[in-house]
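An overview of the molecular structure
This is what each chain is made of:
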Amino acid sequence: MLRRRTFLGMAAGSVAGVLAPGLAGAQAKPYRIYRITYRGRTEVEDGFDDYLASNGIAAEFIERDAERGVAKLPGFVEEIRALKPDLVYTWGTPVTLGIAGRYDAPDKAKFITDIPIVFALVASPMAAGLVADRMAPNRNLTGAVHVVPTDTQLRAMHSYRPITKLGVLYTATEQNSVSIVKELQGLQQPMGYSLIERQFRAGADGRPVPDGIEDLIAEIKQEGANWLYLLPDTFLGTQYDKVTPAAMAQALPTFGAAELAIRQGGALVALISRYYSVGQLAASKAVKILRKETPVAEIPIETLKRFSLIINMPVAKKLDLYPPIDMLNYAEVLTG
């Protein structure tokens, strides 16, 4: 059950209140925050709301959900212009690009450029074209990156089991995913592995579809992959219930780049930033903006300083692929 002080009303279009007890008089009126999620509420929003409340920020949320697509985003842009909230919150790369646009977009009239935007769960804001410089966004946008650097993830993966051939399944229309695959391509020689790539199939409208996921993973295995890397792909994050069972059927271990991949998706191991903590980091930037401490254009886009290595022991048992003993000294182990 959700805590009442943190969130009231979960349906799209509802308005929710966040108010620290005893601090009702700290503001003349609540700040209005227009919040766009991608697949409903997550622990990121829990962390965001709790941080605001603990810092005495009263906020009225205008909740909208993209329902795992981008078709609704132009309508949200128009609604934001009409409502003129104090701040806009966006979840994930597709939503953030649809609301803020690229920093070098030729037609900025399609996007929100005059209201502060704080994002969460964007893996690579520079590669996605949201900013040219993470430390100095120089626009109406800042936020929190949730992904551990790719080379750091690969070293953790290699420590568990040496990488010979790395499989990756991704969405060709997600710029963030394409950029990470390019990183993986560039790391092949220095890290001594080869890359096996597959893309999700697309429907007639160009959007990714889950058709043939089992076949794609079987192909990756047949080409000799000894790891499947679950990169922070938004569509992939909605398909763990198909991807990880298919990988298990092929005895192919999976490494997750996001917390959802291991806690709900059933990955073998993951090196992640906790969603709740990412929400808190994003909220810390919102507090600076709302209290007028720092112009949004000068607030750096950051990632967390500490990461969590998580091992899914039931999956390790099924694969008969146990972690090195010394890894258990610092990893969190899931037992059920």
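The structure this text deals with has already been given above.
All of these numbers come straight from a predicted model, not from anything done at the bench.

What about the layout of surface pockets?
Computed from the structure, the largest pocket encloses a volume of approximately 400 Å³. Along the wall of the largest pocket there are 18 residues; nearest its centre are Val70, Pro94, Thr173, Glu174 and Pro208. At three residues, helix α3 (residues 93–100) tops the list of elements feeding residues into the lining of the largest pocket. Taken together, the residues that form the lining of the largest pocket break down as six nonpolar, seven polar and five charged.

Topic: the side chain of arginine 64
By secondary structure assignment, the location of arginine 64 is in strand β3 (residues 59–65). In this structure the side chain of arginine 64 is engaged in a polar contact, spanning 2.8 Å, whose partner is the side chain of glutamate 79.

Remarks on the packing of helix α1 (residues 43–54) against helix α10 (residues 275–290)
At their nearest, the axes of α1 and α10 sit 6 Å apart, and the two run at 45° to each other. Judged by the angle between their axes, α1 and α10 are oblique. As α1 runs across α10, the sense of the crossing is right-handed. Contact with α1, carried on its side by Glu43, Val44, Asp46, Gly47, Phe48, Asp50, Tyr51 and Leu52, involves Tyr275, Tyr276, Gly279, Gln280, Ala282, Ala283, Ser284, Ala286 and Val287 of α10 and no other residues of that element. Class assignment for the residues of the contact of α1 with α10 results in 10 nonpolar, four polar and three charged.

Brief notes about helix α8 (residues 240–249)
Here α8 has its buried residues at Tyr240, Val243, Thr244, Ala246 and Ala247. One side of α8 holds all its buried residues, which, seen down the axis, span an arc of 160°. Counted as exposed and oriented over 90 degrees from the buried face of α8: Asp241 and Ala249. For α8, the elements touching its buried residues are β7 (165–170), α7 (213–222), β9 (227–230), β10 (254–256) and α9 (259–263).

Considerations on empty space enclosed by the protein
In total, this model carries one cavity of 30 Å³ or more according to the counting rule given. The volume enclosed by the largest cavity comes to roughly 190 Å³. Lining the largest cavity we find 19 residues, and of these Trp91, His146, Pro232, Asp233 and Thr234 sit closest to its centre. Here the residues of the lining of the largest cavity sort into 10 nonpolar, six polar and three charged.

About the cut-offs
Residues numbered from 1 in each chain as written. Predicted model: local features only at pLDDT ≥ 70, side-chain atom pairs only at ≥ 80, totals over all residues. Heavy atoms only, no water. 1 Å grid on protein atoms, 1.4 Å probe; cavity = no way out; pocket = protein on both sides within 12 Å on 5 of 7 lines; lining within 4 Å. Points joined across faces, edges and corners; volume = space filled by probe spheres on them. Helix = DSSP H or I, 4+ residues; strand = E, 2+ residues; numbered from the N terminus. Nonpolar A, V, L, I, M, F, W, Y, C, P; charged D, E, K, R; others polar. Polar contact = N/O pair within 3.5 Å; in protein donor to acceptor, adjacent residues only side chain to side chain. Axes fitted to C-alpha atoms, helices over the stretch in contact; angles between N-to-C directions. Parallel < 35°, antiparallel > 145°, perpendicular 65-115°, else oblique. Left-handed = near helix turned anticlockwise from the far one by under 90°. Contact = heavy atoms within 4.5 Å. Buried < 20%, exposed > 50% of the residue type's maximum accessible area, 1.4 Å probe, protein only. Arc of directions from axis to C-beta.

The values reported here are purely geometric and, on their own, carry no functional implication.
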